Amino acid sequence: MRYSWTLLGYFGKQFTTWVLGTFGAIMSIVFLLDLIELMRRGATKEEATFTLLLEMALLKMPQMAMQILPFAVLFGSMLAFTRMTRTNELVVARAAGVSVWQFLAPAIMVAVLLGGFKVTVFNPLASVMTERFSQLEDRVLRNQADSFLTVGSGGLWIREQPDDQHQNVIHARSVRSTDGRLDDVMIMIFDADDRFIRRIDAPAADLKAGQWLLQDAVVTTSTGRPTLQPEVSVETRLTIDNLQDSFASPETMSFWELPGFIAILENAGFSAVKHRLYFHAQLASPLLLIAMVLIAATFSLRLTRRGGTLLWASSGLFFGFLLYFLSDLVFALGLSARIPEVLAAWAPATVTMLLGLTSLLHLEDG
């Protein structure tokens, strides 16, 4: 049969309407739950006004939207296909010679467009808002000390506040993630009013319990006279574990920035497994949305012929939640380096798509 563009447009419109409607409904519920949770956490915080908590809930929404989108596509697709099956629209299309793959084509095209938009356009916006949310959460709800770390082509920069009276600015050419040893180190110490106290230069610094230990250090005070000291210790709140955790999480970085940041991390001596896993997971997003469409078709297109509507619909919902937990399990294996991060990122989408294709080939005559 010669394919009708009118029919293609109709199926695509139905699919898009149901998916966006489902997405909006889920997002509304998630927003209310997040706002209530933020209000609970901020109940004892003087700075946590309702306006600020509302802003934080809105800032968190884009990151939540990226996580919810695959399930909105799954549930929205099931609702769209179920409706068109119940109204016999798909039965008429089949009678006219339209195969299952032909009326799935518009849904797959929309899924690809949604996945591409999510990765290339929406992700950079979400990363900026997530970073702002993290800053507000740390300041308002967690009361964390001002401590963060950045990595650039010139080496490693850390600013931390070890106590209420001092601030440290640390620069190093490279760092060993196994023991926290910094090479070619410079530490500048300031008081609470940002007045310079002293500068310490050393070939290396070792991170011990609550302090940096520097050997053969050159210490320059506010008088400008340098002195050589065999060993100097500088107080710190950092540990080997939270030193690496202080890096910007991949969720706060744009998809376009991740490749360069991964290279910088590895050059500085840190593991970039978490960032590579996140990057490949974003690349696999369009494939995962396609897989959700195929799974939804498997559980929705034959309801009137097979009966057991509730059973089939419940099976589709159960599969969605099962996929969520299995994806988390595979990602955890990737983060622990038990399996390659590329495999961990692409496996859920690939396996789900293959299951959907196999099921449709088995159930449909094409």
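Residues numbered from 1 in each chain as written. Predicted model: local features only at pLDDT ≥ 70, side-chain atom pairs only at ≥ 80, totals over all residues. Heavy atoms only, no water.

Trainee: Looking at this model, I keep getting lost on the pairing of strand 4 (residues 181–191). Mind explaining?
Mentor: The side chains of a regular strand alternate between both faces of the sheet. Where strand 3 (residues 166–176) lies against strand 4, 10 bridges are found, and the strand directions are antiparallel. Bridge assignment links Gln 167 to a residue of strand 4, and that residue is Phe 190. Here strand 4 folds back onto strand 5 (residues 196–208) in antiparallel fashion, the turn holding 4 residues, of which Asp 194 has a positive phi close to 65 degrees. (Pairing = 2+ DSSP bridges. Helix = DSSP H or I, 4+ residues; strand = E, 2+ residues; numbered from the N terminus.)

Trainee: Where do I start with the environment of Ile 189 in this structure?
Mentor: The topology assignment puts Ile 189 in strand 4. Here the alpha-carbon distance between Ile 189 and Arg 199, two residues 10 residues apart in the chain, equals 6.3 Å. Setting aside its immediate chain neighbours within four residues, Ile 189 contacts His 166, Gln 167, Asn 168, Arg 195, Phe 196, Ile 197, Arg 198, Ile 200 and Val 234. (Contact = heavy atoms within 4.5 Å.)

Trainee: What should I look at first to understand unusual backbone geometry in this one?
Mentor: With the exception of glycine, most residues fall at negative phi, and the peptide bonds are largely trans. In this structure, Asn 88 takes a positive phi of about 65 degrees despite not being glycine. Among the secondary structure elements, Asn 88 is positioned in the loop between helix 2 (50–86) and helix 3 (89–95). For Asp 216, which is not glycine, the phi torsion reads 50 degrees and is therefore positive. Within the fold, Asp 216 resides in strand 6 (residues 211–221).

Trainee: What's the story with helix 2 in this structure? I'm lost.
Mentor: Over its 37 residues, helix 2 runs only 45 Å from end to end, short of the ideal 54 Å by more than 12%, given 1.5 Å per residue. The sharpest bend along helix 2 reaches about 40 degrees and sits at Ile 68, with the proline Pro 70 one to four residues further on. The buried count for helix 2 comes to 26 of 37 residues, which makes it a mostly enclosed element. Once helix 2 ends, the next one or two residues include Asn 88, with phi positive near 65 degrees. (Expected span 1.5 Å × (residues − 1). Bend = angle between axes of the 7 residues up to and from the residue. Buried < 20%, exposed > 50% of the residue type's maximum accessible area, 1.4 Å probe, protein only.)

Trainee: What is the right way to read the nonpolar core from this model?
Mentor: One recurring pattern in soluble globular proteins is that nonpolar side chains are buried together. Among the nonpolar cores identified, the biggest contains 39 residues, and Val 73, Phe 81, Phe 103, Leu 104 and Val 293 are the most heavily contacted of them. When contributions to this core are tallied by element, the ones reaching two or more residues are helix 1 (5–41), helix 2, helix 3, helix 4 (100–142), helix 8 (285–300), helix 10 (309–335) and helix 11 (341–363). For this core, the element with the highest residue contribution is helix 8, accounting for 12 residues. Setting aside its immediate chain neighbours within four residues, Leu 104 contacts Phe 81, Val 293, Leu 294, Ala 297 and Leu 360. With 33 residues, the next largest nonpolar core counts Val 232, Phe 261, Leu 265 and Phe 270 among its residues. (Core = buried A, V, L, I, M, F, W, Y, C linked by side-chain atoms within 4.5 Å.)

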